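# Structural overview
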Amino acid sequence: MSRTASKTAPTSTEARAVLYPAVTEAARRVSASTVGLISVGCGAGFDLTVDRVGITYRNGHLLGHPHSPVQLSSAVVGRRLVPMQTMPPVRTRIGIDNDPIDVTDPVVAHQLRNSVSPDRPEHLARLDADIALTTATTPLLLHGDPIDLLPDAIARIPANTLPVVTTTWSLSRFPRERRLRFLHRLDESATGRAVAWVSAEGVGVAPAVPTLGDRHASGHSIIGLAIFDGSTLHTEAIGRCWSRGRMLS
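Residues numbered from 1 in each chain as written. Predicted model: local features only at pLDDT ≥ 70, side-chain atom pairs only at ≥ 80, totals over all residues. Heavy atoms only, no water.

### Side note on the side chain of S74
- Within the element layout of this structure, S74 appears in strand 4 (residues 71-76).
- Take S74: its relative accessible area is 0%, and that puts it in the buried class.
- Engagement of the side chain of S74 in a polar contact is seen with the backbone oxygen of G245, the distance being 2.7 Å.
- Discounting residues that sit within four places of it in the chain, S74 has contacts with A17, T56, Y57, R58, G245, R246, M247 and L248. (Helix = DSSP H or I, 4+ residues; strand = E, 2+ residues; numbered from the N terminus. Buried < 20%, exposed > 50% of the residue type's maximum accessible area, 1.4 Å probe, protein only. Polar contact = N/O pair within 3.5 Å; in protein donor to acceptor, adjacent residues only side chain to side chain. Contact = heavy atoms within 4.5 Å.)

### A word on the state of the cysteines
- The full count for this structure, using the stated rule, is zero disulfides.
- Of the cysteine sulfurs around C42, a residue in no disulfide, the closest is that of C241, at 19 Å. (Disulfide = S-S within 2.5 Å.)

### Points about the nonpolar core
- V35, L37, I55, Y57, L162, V164 and V198 are the most contacted members of the largest nonpolar core, which has 37 residues in total.
- Mapped by element, the contributors of at least two residues to this core are helix 2 (15-29), strand 1 (35-40), strand 2 (54-57), helix 4 (121-137), strand 7 (162-168), strand 8 (194-202) and strand 9 (221-229).
- Residue contributions to this core peak at nine residues, all from helix 2.
- Each residue touching V164, except ones within four places of it in the same chain, is listed here: V23, V35, G36, L37, I38, A196 and V198.
- Counting 28 residues, the second largest nonpolar core, distinct from the first, contains I94, I96, L149 and L150. (Core = buried A, V, L, I, M, F, W, Y, C linked by side-chain atoms within 4.5 Å.)

### Some points on the environment of T13
- Examined against the element boundaries, T13 turns out to sit in the loop between helix 1 (3-6) and helix 2.
- Between the C-alpha atoms of T13 and R193, which are 180 residues apart in sequence, the distance is 32 Å.
- Apart from the residues lying within four places of it in its own chain, the contact partners of T13 are L72, R126, R244 and R246.

### Considering the packing of helix 3 (residues 106-114) against helix 4
- Look at helix 3 against helix 4: their axes get within 10 Å of each other, and the N-to-C directions meet at 165 degrees. Of the possible angle classes, the one that applies to helix 3 and helix 4 is roughly antiparallel. Handedness of the crossing formed by helix 3 with helix 4: right-handed. Note on element contacts: helix 4 touches helix 3 through L124, L127, D128 and I131, opposite A109, L112 and R113.
- Broken down by class, the residue content of the contact of helix 3 with helix 4 amounts to five nonpolar, no polar and two charged. (Axes fitted to C-alpha atoms, helices over the stretch in contact; angles between N-to-C directions. Parallel < 35°, antiparallel > 145°, perpendicular 65-115°, else oblique. Left-handed = near helix turned anticlockwise from the far one by under 90°. Nonpolar A, V, L, I, M, F, W, Y, C, P; charged D, E, K, R; others polar.)

Set out below in structure tokens:
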């Protein structure tokens, strides 16, 4: 049985409210004028539309497109504000997954819509908007082990564009040795070019990303930013988020 036939529609979270400022900061740090997005464990690939959504942070700040069909919101905790820089243009969008959900296929999209309960019309409307936005961006989906496919995905990003690899609660599916292999793959791919990795993972899940002193399984996630540039690796925890991006600091 196919994944779309056996599983419910993918849950659209506010992960993109976390990714947008983090991807933008990655580009700023290496002075990149364009980025290529690579979503590891992409599922339906909704995260690859991060530059096309509208995001309202509940302190009144806006990012992205105010008239996008997909509108997200996220609460901001603490006194530090979310950076308001605009994300550079996205030249390439690649999703890698053992079994990605290709929502650009009308049959798949129909199956997903049918999996939404009739008494949740707001979920169906949100799914329709996400499907439309993803279809419009036509991401490239690579089938197979995401860690094994990572070098190939990075090689597909044009030489003058910053590859930004994103993981949103996908690394926890792998044992620790595979997560370390993921880190090594990123390092190997940074020969001759800079590569960025933006993560939103549970405390201690993302290798090399500091935990800010938080305990494992503490109910929130760490927002990580890593820049691989030749022999140099700089990793930083740039914030925390709760409820898969519905609240962040």
